[in-house]
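Coordinates in review
Below, each chain spelled out in residue letters.
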Amino acid sequence: MSQLSLWSTAGDRQTFALPDAEVSLWQQFYDPATSDHYFQELRTTLAWQQDRFPLAGKYVPLPRLQVLYGDRGCDYDYSGIAMTALPWPPLLAQLRAQIQQITGHEFRIVVANCYRDGADSVGWHADNESGMGPQPAIASLSLGATRRFSLKHKFRRDLPRLDLDLISGSLLLMAGRCQDCWLHRVPKTKRPVGERINLTFRPWTAARS
């Protein structure tokens with residue numbers, strides 16, 4: 001068994017033995033019926049949009065839908081995309097409060113992503129924008145179809161990749177030095193797969209000038 005697939009369980013929380021990171025998973029943070037209800041409401045009520053990002057001198061569509069919600073002034077820029085935070089809708093505010101209570105971390109924004117099918121994805125990256133402050137904690141809630149989530153160390157090639165199949169209602173917490181030392185992705189898949197919503201709750205200290 002790979003050292004990166006080991007975990008210890010405290011209640012419903014599984015903590016992975018990753019060097020240079022603090023990564024935990026609640027496999028069923030919300031039960032299936034609640035998760036399905038939340039998915040349906042968020043899919044139909046959030047202000048989804050397909051942004052474009054600069055690539056090779058032109059702007060190309062992002063391979064997923066997304067939208068930003070957050071506290072006043074917490075606008076978010078990444079990879080050439082400028083996102084303006086919309087006010088918290090009641091359900092997202094409720095989810096934030098519940099996740100903050102369980103994790104012990106405070107979050108000021110949530111980036112919502114919708115992966116419509118297996119062609120929608122996000123490549124290897126770290127959420128290490130300076131506006132999130134040092135060693136940010138990021139809570140990632142999955143709703144809808146199960147998708148593969150992968151983590152690999154930025155510098156140590158001797159460490160195997162960690163692959164997780166995140167089910168609907170699961171909550172993944174990345175904290176400590178995770179964004180400094182690890183990359184993560186949601187890869188494309190050719191197998192038939194339904195829609196998935198991913199909510200990444202994040203700290204944020206910067207205001208767009």
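Just so you know, these numbers come straight off a predicted model, no measurement behind them.

**Some details on the sheet that holds strand S10 (residues 122-125)**
Pairing is antiparallel across the open sheet formed by four strands, whose spatial order is S10-S15-S12-S13. Looking at the sheet topology across the chains shown, the edges are occupied by S10 and strand S13 (162-166). Each strand of the sheet is rotated relative to its neighbour by a mean of 15 degrees, with strand direction disregarded. As defined by bridge partners, strand S12 (residues 147-153) adjoins strand S15 (residues 182-186) across four bridges and the pair is classed as antiparallel. The residue of S15 that forms the bridge with Ser150 is Arg185.

**Points about the state of the cysteines**
Following the criterion strictly, the structure yields zero disulfides and no others. In this structure Cys181 is not part of a disulfide, and its nearest cysteine sulfur, from Cys178, lies 8.5 Å away.

**Quick notes on the pairing of strand S4 (residues 52-55)**
Examined bridge by bridge, S4 and strand S5 (residues 58-61) share four bridges and lie antiparallel to one another. Counterpart to Leu55 in the pairing with S5 is Lys58. Hairpin connection from S4 to S5: two residues lie between these consecutive antiparallel strands, with Ala56 at a positive phi of about 55 degrees.

The rules behind each value
Residues numbered from 1 in each chain as written. Predicted model: local features only at pLDDT ≥ 70, side-chain atom pairs only at ≥ 80, totals over all residues. Heavy atoms only, no water. Pairing = 2+ DSSP bridges. Helix = DSSP H or I, 4+ residues; strand = E, 2+ residues; numbered from the N terminus. Axes fitted to C-alpha atoms, helices over the stretch in contact; angles between N-to-C directions. Disulfide = S-S within 2.5 Å.

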